[in-house]
Amino acid sequence: MPARGEFSIGDIPFFDDYQFTDTGKSAKHFGLVLLPETSTKYEGSLLCCVITSKKPKRLKLVLYLQSSSYDFLSKDSYACFDRKDLVSMRGLENGKQPKGSLKKPDLQKAYRKLKKSLYVIKDLASEPYLRGTIIYQWKKKLGLLK
Amino acid sequence: MKKLEELILFILDRAKKKGIEDLSLFQLFKISYLIQVLSFKYAGKSFLEDVVFIRHKNGPISISIYDAIEHLENEGYIKVKKSKKEDYEYERHGHELVKKIPKLSFKKGERIFLDSFLSELLPLSQRKLKEYAYSTEPMKEITQQERKGVKKGAVLNFTSVTVDPDVVDAYAGKG
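Now for a quick tour of the structure. (Residues numbered from 1 in each chain as written. Chains lettered and ligands numbered in written order. Predicted model: local features only at pLDDT ≥ 70, side-chain atom pairs only at ≥ 80, totals over all residues.)

## What to know about the overall build of chain B
Part 1 of the argument: Within chain B, the secondary structure is distributed over 7 helices and 5 strands.
Part 2 of the argument: N-terminal to C-terminal, the α/β element order of chain B is α-β-α-β-β-α-β-β-α-α-α-α.
Part 3 of the argument: Dimensions of chain B, computed from C-alpha atoms along their principal axes, come out at roughly 50 × 45 × 25 Å.
Part 4 of the argument: Across the 175 residues of chain B, 36% fall into the buried class.
Part 5 of the argument: Taking the intrachain contacts of chain B between residues at least 6 apart in sequence as the baseline, contacts between residues at least 24 apart amount to 65%. (Helix = DSSP H or I, 4+ residues; strand = E, 2+ residues; numbered from the N terminus. Buried ≥ 20, exposed ≤ 12 C-beta atoms within 10 Å, placed from the backbone. Contact = placed C-beta atoms within 7 Å.)

## Digging into the overall build of chain A
Part 1 of the argument: Secondary structure summary: chain A contains 3 helices and 7 strands in total.
Part 2 of the argument: Going from the N terminus to the C terminus, chain A shows its helices and strands as β-β-β-α-β-β-β-β-α-α.
Part 3 of the argument: The C-alpha atoms of chain A give a radius of gyration of 14 Å, which matches the 15 Å a tight globule of 146 residues would have.
Part 4 of the argument: Each of the three principal axes of chain A carries a C-alpha extent, and together these read 35 × 35 × 30 Å. (Rg over C-alpha atoms; globule rule 2.2 N^0.38 Å.)

## Looking at the packing of helix α1 (residues 3–17) of chain B against helix α3 (residues 63–74) of chain B
All names here are of chain B.
Part 1 of the argument: Relative orientation of the contacting elements α1 and α3 amounts to 70 degrees, with a least axis distance of 9 Å. Between α1 and α3, the crossing angle belongs to the class labelled roughly perpendicular. Across the interface between the two elements, L4, E5, I8 and L9 of α1 pack against S64, I65, A68, I69, H71 and L72 of α3. (Axes fitted to C-alpha atoms, helices over the stretch in contact; angles between N-to-C directions. Parallel < 35°, antiparallel > 145°, perpendicular 65-115°, else oblique.)

Here it is, written out as C-alpha cells:
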C-alpha cells in the first residue's frame, strides 16, 4: 500500500477491486468514504458508498458529482448512498490516494442524503452501532456536535 | 466470558496497538463508563446490560470492573503493575495485556463503534477523561444534587442520557 495519510469522511479513493458487500462481486470504482479510517482500519476495510457514472433510476439517495468540479472524474458521476459497502483496503489502486475529496457544500448535501438512506434502506448500516457511529462521525466532521 | 471482560480486553488490546503499554484503573473506569454513555446516545441502548456505575469522589466507577479485572488476571490475560509517584498519595495500578486476546463476541457494528470512540478516548489524559465524564448527563444529574458533599456510592442514572436527535430521526423515519 502506498504511503498516505489516513482516509477521512468525504475522501474519494479509487479501487481497482471494489467489492460489493451484498453480492461479493467486484469492479473498478471510485468510492466515497463514509467513516474515517480510524473507525474501520482493524476490519481492514473502508466504509464507502459506490460512485458510478451510470445514472441511477432513483435520484433521492444519490449525490450528483460534476466532473467540472471534480477533475479526477472523467464523467459526471453519482455517489449512491443506497449502496454502502465495507470495502477491503487491499482493493485500493496503487498510487496517490485519495483521488480527491468532497467539497464542503457537497459534504453537507451528502449528509442529508446519507441520513435519509439510514432509515429508507435496509443494509449493513441498519445495525444500530454502525448507524450511530456514522451519524456521530458525520456530525463531528460538519461541526454539528454540541 | 462476560461482555464487560471482553470490553476490557478490547480496550487494552487497542491501547497496546497504539503504543500505550498499560492503562490505570481510573482510565478503565472512565473509558468503560463513557462507552456506556455513548452507546445510549448513538445506538439508543445499553452496551453493558448488567453493569452498574456509581458515584465516587473522582467520578464514575463500577464494582463489576474490579471483579472483571480480577477474573482476567486469574485467567492470565492481564498483569497489574503497581507504581507510586512521590507527589501523589495513591499507588498507580497499570493494567497490561500479556496474552493474546481470544475471539470476542462483538458484532462488526459494535467493533467499529468501539474503535471509533476508543481512537478518541485512549489518547486523552486522565484530567481530560475526568472532564469528559463529568460533562455527561448522569454525572451532571448527580452533581446537581450534591449540596452537602459528594454522594459517594449513589447509582448513576443512564436514563438521563439523551439520544442524539439525528439517531432519533433515523428511527422515526424523518431523515
